[in-house]
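Chain by chain, the residues run as shown.
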Amino acid sequence: TARPGARRGRRAGPTDRGLVVLLPTAAGVCPTRSMHPPLVERDHPECVAAITALKRCHAERSVAKFFGACNGAKAELDACLKKEFDAKRSRALAESRQRDDAFKQFLKAPNRGAGAPPPPPPPSSP
């Protein structure tokens, strides 16, 4: 008997039943990112070793990479890219807070911000 939603001639898989299969990896179960940005060494100077290892693994194991032979190198690269992303995010947050503080100081200055009188109207032309 066919299950509702299953197409004829095809066995119902776990995704047909609304299930998601979680596979264990070296980085843990179900890493947060499955894809990575373009692997250019100059864009990721801290991850050059991990990028090189993954590229070497893909070159040496052209078929086995599809069966998980390079999962360890991929997990190492994901961890390195996550660390790099977190550092970039914390730098951006610090810069943003510094700009906010400078703007608040600007608003508190005399004759600036909310307490300043409105600018004079432009001269009327005849």
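Below is a summary of the structure that appears in this document.

Cut-offs used in this document
- Residues numbered from 1 in each chain as written.
- Predicted model: local features only at pLDDT ≥ 70, side-chain atom pairs only at ≥ 80, totals over all residues.
- Heavy atoms only, no water.
- Helix = DSSP H or I, 4+ residues; strand = E, 2+ residues; numbered from the N terminus.
- Buried < 20%, exposed > 50% of the residue type's maximum accessible area, 1.4 Å probe, protein only.
- Contact = heavy atoms within 4.5 Å.
- Areas by Shrake-Rupley, 256 points an atom, 1.4 Å probe, with all protein chains shown as cover.
- Expected span 1.5 Å × (residues − 1).
- Axes fitted to C-alpha atoms, helices over the stretch in contact; angles between N-to-C directions.
- Parallel < 35°, antiparallel > 145°, perpendicular 65-115°, else oblique.
- Left-handed = near helix turned anticlockwise from the far one by under 90°.
- Disulfide = S-S within 2.5 Å.

1. Here we look at the overall build of the protein
A count of helical and extended segments in the protein gives two helices and two strands. Mapped from its N terminus to its C terminus, the protein presents α and β elements in the order β-β-α-α. In the protein, buried positions account for 14% of the 126 residues. Contacts in the protein between residues far apart in sequence, at least 24 positions, make up 43% of those at least 6 positions apart. Accessible surface, the protein as shown: approximately 10700 Å² in total, 58% of it carbon and sulfur.

2. Structural notes on helix α2 (residues 71-108)
Over its 38 residues, α2 runs 55 Å from end to end, which matches the ideal 56 Å to within 8%, given 1.5 Å per residue. Next to the buried residues of α2 lie α1 (48-60).

3. Quick word on the packing of α1 against α2
Contact pair α1 / α2: the axes reach a minimum separation of 9 Å and the direction vectors enclose 155°. Overall, the two elements α1 and α2 adopt an arrangement that is roughly antiparallel. Two packed elements cross with a definite hand, and for α1 against α2 that hand is left-handed. For the pair formed by α1 and α2, the contact residues are A50, I51, A53 and L54 on the first element and A73, K74, E76 and L77 on the second.

4. So, the state of the cysteines
Tallying each qualifying case throughout the model produces two disulfides. What pairs with C57 in a disulfide is C70, and their sulfur atoms sit 2.0 Å apart. For the disulfide bridge between C57 and C70, the dihedral angle about the S-S bond is near -90°, and by the sign convention the bridge is left-handed. Placement of C57 in helix α1 and of C70 in the loop between α1 and α2 is noted, with a sequence separation of 13 residues between them. Taken individually, C57 and C70 each receive the classification buried, so the pair is uniform in this respect.

Any functional reading would require information beyond the geometric quantities listed.
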